[in-house]
Amino acid sequence: MEEKKLTDEIGQLQKISWIKVCTTDSIPENEGGCVKIKDKQIAIFNFTKTGEWFATDNQCPHKMQMILSRGMLGDQAGEPKVACPYHKKTFSLHTGECLSGEEYSIQTYPVKVEKNEVFIGMTV
Amino acid sequence: MKQKIVVAGNGMVGYKFCEKLIAKNELAKYELVVFGEEPRPAYDRVHLSAYFEGKTAEDLTMAPLEWYTKNNIQLILSDPVSQIDPVRKTVTSMKGVVVSYDKLIMATGSAAFVPPIPGSEKDGVFVYRTIEDLDLILEYSKKAKKGAVIGGGLLGLEAAKAVADLGLETHVIEFAPRLMPRQLDEAGAVVLKDKIEELGITVHLSKSTASIDGEHAIRSLTFTDGIELDIDMLVISAGIKPRDEVAVKAGLEVGKRGGIVVNDYMQTSHPDIYAIGECALYKEMIYGLVAPGYEMAEVAVAHIVGTERIFAPYDMSTKLKLLGVDVASYGDCYGTTPQSKTIVFEDKVKGIYKRMNISEDGKTLYGGILVGEAENYNMLLQTFKNGIVLPPNPEDLMLGSRGGSESSGHGLSMLPDDALICSCEGVSKGDICGAVRDKDINDLAGMKACNKAGTGCGGCVPMVKDLINDTMKSMGKVIKTVLCEHFSYSRQELYDLVRIQEIKTFDQALDQLGKGCGCEVCKPAIASILASTWNEMILKHAPLQDTNDKFLANIQKGGTYSVVPRIPGGEITPDKLIVIGSVAKKYNLYTKITGGQRIDMFGAHVHELPDIWEELIDAGFESGHAYGKALRTVKSCVGSTWCRFGLHDSVGFAIRIEERYRGLRAPHKLKSAVSGCVRECAEAQSKDFGIIATEKGWNLFVCGNGGSKPQHALLFASDIDEKTCIQYIDRFLMFYMKTAEPLSRTATWLNKMEGGINYLKEVIIQDSLGICDQLEKEMQFMVDTYACEWAEVVRNPELRKRFKHFINSDEADPTVAFKTEREQKFPVDWK
Ligand code: SRM
Ligand SMILES: Cc1cc2nc3c(=O)[nH]c(=O)nc-3n(C[C@H](O)[C@H](O)[C@H](O)COP(=O)(O)OP(=O)(O)OC[C@H]3O[C@@H](n4cnc5c(N)ncnc54)[C@H](O)[C@@H]3O)c2cc1C
Ligand code: SF4
Ligand code: FES
């Protein structure tokens, strides 16, 4: 409960609006799914191993492929990450930074789960 | 006020200057503006030829545009500096941009030197220096048949390899009486020439070109001796010419034969202007290599930020792979030091030549040459550079310790701590060992990130690896091949543990054997072990699978998938052919006959896959596992049923083999083939296991593959009957599945096996380990539990749900786009 309040507060501060995107059971454990929000494709990850949810751009900046939701989850020294299926570039799910030494990065978005519903925060 | 630094030239050295300045962490004091003449940011020119081998311009890029932005460097591309005003301290670009500077760095590199031969302006005449040059050559080569390269030096031979790789008949023309006159002696050059000619390249020595002939485009060359050579493409690679034209106009001092004169600090005749890299002339010398260029960048940076460092004459030792032949020379390679003695080793059969020049008392190494085999180059170079006393039999150092004889005890441990190991990045032995000891670095990747060792030309990589391992050993650390940061076991250990502890899921494996959350290395590896052990439906472990196994199809450019039904042995009925045709037509799929004797349909959206497979399965097809590290195809030739030479029914046998091992998950993919006689039309000897009919039965070959490192399979057993053949294959495959590292094909596995093929025969044929019964039982379990995974998906509505692009919409991915060519659809190119 405490935690939820905090995310809400942060949301308020950054003028984030929370968009309901799916239910928790629509994304299998330790996998990702892609949602469409207007014309944007967002990848959502059900990181069951640590009980966290993450959201990032679905597009991989390497070859501009709409694919990251089909990537493999994992961690590098404790940092949760996703590996692009095409050429295995990996990105931090916290910061979006590329962990395989490339200069590009992906956008990440805040996620909150209430009851069994998943919301992602986007600035409007 | 920030000091303004302008860099003219964004090549390898100009880029390195920026990188080194940033590393000093004083960027707050400087503002950097870089002008580049080429349309793209600096790229790795040293590995330019890799562009022809499939590397993209992007792969070769030193740092992407974002790097410049991130570091506040203003990078202006496609706009060379055309004028310098050293009095007002401004530069003007070709497009008219005027920028003032406090310090100006000339890093304009050099251009290919084109000798004044009449006709060099004709179509089809190229130089070999930039990506654009390569693009032009690539385009032109499509209509050319015979190519020549003028210049038999280092760059000329690089260019010759490219011309040969493009499929042209290739000639190399050298003015001097031998190849690589600057690095090799007569005998070494002869060995190199023989090796190159073995590749089908013709070498013309002592030839100078009088004219390039043809109307608009080149048709032939005429040499000064009157002889003509018909060719339709020419690459001139006869040396380099420093790009000093702008410096000359600005009144800077240049050398007689070109090059901007610099002092020990890289300053030109104008103290605020520096020159570095291939445009700089230091003590009458242009350094045409990247390592000295990087050192010049370091010296210039040091001088600007006010630390002391001077450039010292640089050692021009090099080791290269030219046309697949190792060539190295170091130090005084000709033995011109007074009173030196020479040791020469030559093996004309293998094409190896080695020479070392040593002092009269046999204690000091002055220099030498290696052609055909240069494994010991690093050690020799270090011995020479550090003046290490030679062992009693100095030739051991050059030849390596040969069979039986004790090693000369002359190893890395002899090197002093300040021995420079990576000369591109200036990393010493002490730096490397120190990083292992104090910073807990224990692999190459970590070392590269820590101090950049091995990131330049890559020549020192073997030595860096040895140093890491030696240091770890000396610290009492065990070096073992571990899977990744999450599992400190090798694949073989994990395989045994999974079986013994009856581990059925990844989470169980992680809890009992590993730590953390897993990653893209251990997840598929464990999934493969689980599949090779329990043979359960692969989608049960979907989160562990590479995307191909996750969607039971290969992902392709643009995000669509391919569909490959199994066509055992390549045999197919007309009815089934019609089904493939009509399914492909219905779903608008691109079709192609594969190299594996079956038909691939490309361009299916993820949501269409279950529908497509449903239709195929109804018609009697099953998954071809083209997406899995699993059995792919068993190719066959038509064999005795039709062929007048066929000894047995190779198609029938191929089908039985393919049906026995279909779906089998292994450390890497498996391929097989059956030929009906020694003419070998099915190419069985290039497969993981291949079978060839003999008068008396079958010959079984194992551990071959095509791919990037082709290797022929080795004869394993002769004249055996079908039953024995299958028995051996059962044991062989199971043994491989148990003991190979992840993603290693059978050939790689065998290459690393102590005792090699003889040991393998002992285990599989003589049952020396007493495990053959077990292996056979385990394989029979796999055969008995096989099920087509696509058939399961098609029947299971829960599994079908996975095949969707969006979870909140039924739409297909709207960003997928196609184009039409040759009457079929294709994905649009990568952006
Ligand atoms: C379709 C096909 C090319 C074609 O148009 O003919 C093909 C296509 C692919 N090959 Fe291949 N290979 C195809 C025959 C071959 C052959 C020839 C053969 O099997 O006779 C070889 C060399 C023989 C060998 O493997 O020993 C071959 C050596 C490779 C390799 C290198 C393997 C190696 O050990 O070095 C890879 C990369 C890998 O597997 O890691 C590869 C990987 C691939 C992948 C899966 C790459 C990828 O992940 O997207 C390609 C996608 C196929 C798709 O979307 O369906 N393909 N590939 C051929 C399919 C055969 C089939 O019916 O299943
Ligand atoms: C095919 C090939 C293979 C090679 N192999 C090796 C090898 O194995 N080992 C090795 O050590 N070296 C090798 N070299 C040499 C190595 O590439 C060069 O030593 C190195 O690139 C020099 O770097 P540089 O920055 O001085 O020059 P360059 O890399 O040539 O860069 C200079 C840049 O400045 C630009 N420029 C020129 N004039 C201006 C201007 N007025 N304003 C703005 N920009 C300008 C040029 O267009 C160019 O982009 C090889 C070279 C080639 C071509
Ligand atoms: S089909 Fe095979 S050889 Fe051809 S591009 Fe793909 S992986 Fe390379
Ligand atoms: S497209 Fe993502 S890694 Fe290449």
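Residues numbered from 1 in each chain as written. Chains lettered and ligands numbered in written order. Predicted model: local features only at pLDDT ≥ 70, side-chain atom pairs only at ≥ 80, totals over all residues. Heavy atoms only, no water.

1. Structural notes on the overall build of chain A
Spelled out, the test is: By the criteria applied, helices consist of DSSP H or I runs no shorter than four residues and strands consist of E runs no shorter than two, each listed in order from the N terminus. Exposure classes here rest on a 1.4 Å probe applied to the protein chains alone. A residue is buried below 20% of its type maximum, exposed above 50%, and partly exposed in between. By definition in these notes, contact holds between two residues if any of their heavy atoms fall within 4.5 Å. Residue exposure ignores everything except the shown protein chains as possible cover, and the areas themselves are Shrake-Rupley values with a 1.4 Å probe.
Helix and strand content of chain A: one helix and 12 strands. N-terminal to C-terminal, the α/β element order of chain A is α-β-β-β-β-β-β-β-β-β-β-β-β. Within chain A, the proportion of its 124 residues that are buried is 52%. Across chain A, contacts joining residues at least 24 apart in sequence account for 42% of those joining residues at least 6 apart. Summed over all atoms, the accessible surface of chain A reaches about 5900 Å², with 49% contributed by carbon and sulfur.

2. Structural notes on the environment of His 625 of chain B
All names here are of chain B. Inclusion rule: Any N or O atom pair separated by 3.5 Å or less is treated as a polar contact, with the protein-specific requirement of one donor-capable and one acceptor-capable atom, and with residues adjacent in sequence counted only for side-chain atom pairs.
Looking at where His 625 falls in the secondary structure, it is placed in the loop between α19 (609–618) and β32 (631–636). Separated by 37 residues in sequence, His 625 and Arg 662 have C-alpha atoms that sit 8.0 Å apart. His 625 has contacts with Arg 566, Ala 630, Leu 631, Arg 632, Arg 662, Gly 663, Arg 665, Tyr 786 and Glu 789, leaving out every residue within four places of it along the chain. At 3.0 Å, the side chain of His 625 forms a polar contact with the side chain of Arg 566. At 3.4 Å, the side chain of His 625 and the side chain of Glu 789 are in polar contact.

3. Observations concerning the side chain of Glu 278 of chain B
All names here are of chain B. When you line up the elements, Glu 278 lands in the loop between β19 (273–275) and β20 (280–282). Side-chain polar atoms of Glu 278 contact the side chain of Ser 110, separated by 2.5 Å. Polar contacts involving the side chain of Glu 278 include one to the side chain of Arg 129, which spans 2.9 Å. Residue contacts for Glu 278: discarding those within four places in its chain leaves Gly 109, Ser 110, Arg 129, Ile 240, Pro 242, Ile 286, Tyr 287, Gly 288 and Leu 289.

4. Things to note about the site of ligand 2
Residue and element names in this part refer to chain B. Quick reminder of the rule: Residue proximity to a molecule or strand is established when one non-hydrogen atom of the residue lies within 4 Å of it.
In the vicinity of ligand 2, 29 residues are found, and the nearest of them are Glu 37, Glu 38, Arg 45, Arg 129 and Glu 278. Measuring from an oxygen atom of ligand 2, one finds a backbone N or O atom of Met 12 at 3.3 Å. Note that an oxygen atom of ligand 2 is positioned 2.5 Å from one of the side-chain N or O atoms of Glu 38. Burial of ligand 2 by the surrounding chains reaches 95%, relative to a free accessible area of 1000 Å². No other element matches the three residues that helix α1 (residues 12–23) contributes to the shell around ligand 2.

5. Digging into the interface of chain A and chain B
We count it as follows: Buried area is calculated as the accessible area (1.4 Å probe) missing from two parts once they are joined, with the contributions of both summed. Gly is placed with the polar residues, together with every amino acid not listed as nonpolar (Ala, Val, Leu, Ile, Met, Phe, Trp, Tyr, Cys and Pro) or charged (Asp, Glu, Lys and Arg).
Tallying the contact residues gives 41 residues for chain A and 44 residues for chain B. Buried area between chain A and chain B, summed over both chains or domains, comes out near 3400 Å², and the portion from carbon and sulfur atoms is 52%. Of all residues in chain A, the largest losses of buried area upon contact with chain B belong to Arg 70, Met 72 and Glu 103 of chain A, amounting jointly to 23% of the total for that side. Across the contact surface, chain A and chain B share 20 residue pairs in polar contact (both at pLDDT 80 or more). Per-element accounting of the side of chain A that touches chain B gives the leading share, five residues, to strand β7 (residues 72–76) of chain A. In the side of chain A that touches chain B, the residues fall into 17 nonpolar, 14 polar and 10 charged.

6. With respect to the environment of Gln 556 of chain B
Note that Gln 556 of chain B resides in the loop between α17 (547–550) and β29 (561–563). Taking the C-alpha atoms as reference points, Gln 556 of chain B and Ala 604 of chain B, separated by 48 residues in sequence, lie 9.6 Å from one another. What Gln 556 of chain B contacts, discounting residues up to four positions off in sequence, is Tyr 86 of chain A together with Ser 562 and Phe 602 of chain B.

7. Examining the site of ligand 1
Residue and element names in this part refer to chain B. Inclusion rule: For the domain bounds, the source is a domain assignment made automatically or taken from a database.
Around ligand 1, the surrounding shell holds 24 residues, and the nearest of these are Gln 556, Thr 594, Gly 595, Asp 600 and Gly 706. Here Thr 594 contributes a side-chain N or O atom positioned 2.7 Å from an oxygen atom of ligand 1. Put simply, the parts of the chain that give the shell around ligand 1 at least two residues each are β31 (599–604) and β32. Looking at the shell around ligand 1 residue by residue, the classes come out as two nonpolar, 13 polar and nine charged. Taken together, domain 4 (547–623 + 788–798 + 806–831) and domain 5 (630–785) each give at least three residues to the shell around ligand 1, which thus spans both.

8. With respect to the packing of helix α14 (residues 491–500) of chain B against helix α16 (residues 522–534) of chain B
Residue and element names in this part refer to chain B. For clarity, the cut-off: Angles shown run from 0 to 180 degrees and are taken between the N-to-C directions of axes, each axis being a line fitted to C-alpha atoms and, for helices, limited to the stretch in contact. Just so you know how the angles are binned, under 35 degrees is roughly parallel, over 145 roughly antiparallel, 65 to 115 roughly perpendicular, and the rest oblique. Left-handed is the label given to a crossing in which the near helix is rotated counterclockwise from the far helix by less than a right angle, and right-handed is the label when the rotation is clockwise.
One way to put it is that α14 packs onto α16 with a least axis distance of 10 Å and a crossing angle of 50°. Considering the angle they form, α14 stands oblique to α16. Relative to α16, α14 is oriented so that their crossing is right-handed. Across the interface between the two elements, Arg 491, Leu 494, Tyr 495, Val 498 and Arg 499 of α14 pack against Ile 526, Ser 528, Ile 529, Leu 530, Ser 532, Thr 533 and Trp 534 of α16.

9. Some details on the sheet that holds strand β4 (residues 81–85) of chain B
Residue and element names in this part refer to chain B. Spelled out, the test is: The criterion for strand pairing is that DSSP finds at least two bridges linking the strands in question.
Strands sit in the order β4-β5-β6 across an open sheet of three strands; the sheet is antiparallel. Since the sheet does not close on itself, it has two edges, and those belong to β4 and β6 (98–100), each with one partner. The sheet shows a mean angle of 20° between the axes of neighbouring strands, taken without regard to direction. As paired elements, β4 and strand β5 (residues 90–93) share four bridges and run antiparallel to each other. Looking at β5, one finds that Asp 85 is bridged to Thr 90.

10. Focus: the confidence of the model for chain A
Stated precisely, the cut-off is as follows: A score from 0 to 100, pLDDT tells how confident the predictor is in each residue.
When pLDDT is averaged along chain A, the result is 87; 88% of the residues meet or exceed 70. Mean pLDDT per element in chain A: helix α1 (residues 2–13) of chain A is the minimum at 54, and strand β4 (residues 52–57) of chain A is the maximum at 96.

11. Remarks on the confidence of the model for chain B
Residues and elements named next belong to chain B. Here chain B averages 91 in pLDDT, while 98% of its residues score no lower than 70. Across residues 401–410 the pLDDT falls below 50, and counting only partners more than four positions away or on other chains, this stretch makes 14 contacts in the model. Reported for the predicted complex are a pTM of 0.54 and an ipTM of 0.69.

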